[in-house]
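Residue-level structure breakdown
In case you want the letters, here they are:
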Amino acid sequence: FFSSFFRIEVISVEGNRFTKSGDIRTQVQAFLDAKIFKIIPRNTLFLASQSAIQKSLLSSISAHQAIDELRVERHPPSRIHVVIRERTPNLLFENGGQAFLVDREGIVAQAVDAADHVDPSFPTLLDQTTRPIAVGGRVLAAEQVRALFEIDQQLKEATDIPIERLYLPPAQCT
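In what follows, the accompanying structure is described. Note that this is a predicted model, so its numbers are computed, not measured.

This next bit is on the overall build of the protein. What the protein contains, in helices and strands, is 3 helices and 10 strands. Going from N to C terminus, the protein has its helices and strands arranged as β-α-β-β-α-β-β-β-β-β-β-α-β. Scaling as 2.2 N^0.38, a compact globule of 174 residues should have a C-alpha radius of gyration of about 16 Å, whereas the protein reaches 21 Å, well beyond that. Here the C-alpha coordinates of the protein stretch approximately 70 × 35 × 30 Å along the principal axes. Classification of the 174 residues of the protein by burial places 37% in the buried group.

Moving on, we get to the nonpolar core. Membership of the largest hydrophobic core comes to 18 residues, with the highest contact counts inside it found for Val28, Leu32, Ile53, Leu57, Ile80 and Val82. If you list the elements that add at least two residues to this core, you get strand 1 (10-14), helix 1 (21-33), helix 2 (50-61), strand 4 (67-75) and strand 5 (79-86). For this core, the element with the most residues is helix 1, which contributes 4 residues. In this view, Leu32 contacts Ile8, Ile11, Arg42, Asn43, Ala48 and Ile53; residues no more than four positions away in its chain are not counted. Among the nonpolar cores identified, the runner-up in size contains 13 residues, and Leu91, Phe93, Leu140 and Phe149 belong to it.

A separate point is the side chain of Ser12. As for its placement among the helices and strands, Ser12 is situated in strand 1. Side-chain polar atoms of Ser12 contact the side chain of Arg79, separated by 2.9 Å. With residues near it in sequence (within four places) discarded, Ser12 still touches Arg79, Ile80, His81 and Val82.

Turning next to the sheet that holds strand 10 (residues 166-168). Taken in spatial order, the 5 strands of this open sheet run 8-7-6-9-10, and their pairing is mixed. Lying at the two open borders of the sheet, with one neighbouring strand each, are strand 8 (108-112) and strand 10. Here the strands of the sheet are splayed against their neighbours by 30° on average, with no regard to which way each runs.

Looking now at the pairing of strand 7 (residues 98-102). Two faces belong to every sheet, and in a regular strand the side chains alternate between them. Counting buried positions along strand 7 yields 4 of 5 residues, so the element is predominantly enclosed. When strand 6 (residues 91-95) meets strand 7, the two strands line up antiparallel, connected through 5 bridges. Among the inter-strand pairings, Leu91 is bridged to a residue of strand 7, identified as Val102. Here strand 6 hands over to strand 7 after 2 residues, with Gly96 in that stretch at a positive phi of 55°. As paired elements, strand 7 and strand 8 share 4 bridges and run antiparallel to each other. Bridging across to strand 8, Ala99 finds its partner in Val112. Linking two consecutive strands that pair antiparallel, namely strand 7 and strand 8, is a turn of 5 residues; a positive phi of about 85° is found at Gly106 within it.

One open sheet holds the 3 strands; their spatial order is 1-5-4, and the pairing between them is mixed. Strands with a single pairing partner mark the edges of an open sheet, and in this sheet they are strand 1 and strand 4. With direction set aside, neighbouring strand axes in the sheet form an average angle of 15°. Two elements, strand 1 and strand 5, share 5 bridges in a ladder whose sense is parallel. Within the sheet, the bridge partner assigned to Val10 lies in strand 5 and is Arg79. Contacting strand 1 and strand 5, helix 1 crosses the sheet at an angle of about 140° to strand 1. Across the sheet, helix 2 is in contact with strand 4 and strand 5; its angle to strand 4 comes to roughly 145°.

The rules behind these values
Residues numbered from 1 in each chain as written. Predicted model: local features only at pLDDT ≥ 70, side-chain atom pairs only at ≥ 80, totals over all residues. Heavy atoms only, no water. Helix = DSSP H or I, 4+ residues; strand = E, 2+ residues; numbered from the N terminus. Rg over C-alpha atoms; globule rule 2.2 N^0.38 Å. Buried < 20%, exposed > 50% of the residue type's maximum accessible area, 1.4 Å probe, protein only. Core = buried A, V, L, I, M, F, W, Y, C linked by side-chain atoms within 4.5 Å. Contact = heavy atoms within 4.5 Å. Polar contact = N/O pair within 3.5 Å; in protein donor to acceptor, adjacent residues only side chain to side chain. Pairing = 2+ DSSP bridges. Axes fitted to C-alpha atoms, helices over the stretch in contact; angles between N-to-C directions.

The following block contains the structure:
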């Protein structure tokens, strides 16, 4: 269990596009540096729990980036490999002075600063409701996102007027 032969020396990361590899490696290393019962090092392949590392990574990363899949693999004798698939944004969603990138399934992929250089090809939807929005939460159904892209495309084809943003008004019951 404690042999230096099985001590984790390499932490590799694959598949990340938005979360920095260095940040992932730092998080995994911090987990490995913590000791079990404050005395037993867990920096060997036998004592490094894949599920515990995965849970630790998910809790830290998902606060700022929605994750579609995250796997932690052990590769003897001394490597931990992290495979991550982040949600890919396709739409800028503005709500209550905040901006979010949303994927094609209507899931908030990440919060962004409105001044960030968001891909100009992304349609912008201004949500005029007052609902709270969180990374990883659903703000639209996939069908609504699909319809939004169709409307955006049709408006661009039918007019020479650039579409700055589309509006989602609050629901009103009468």
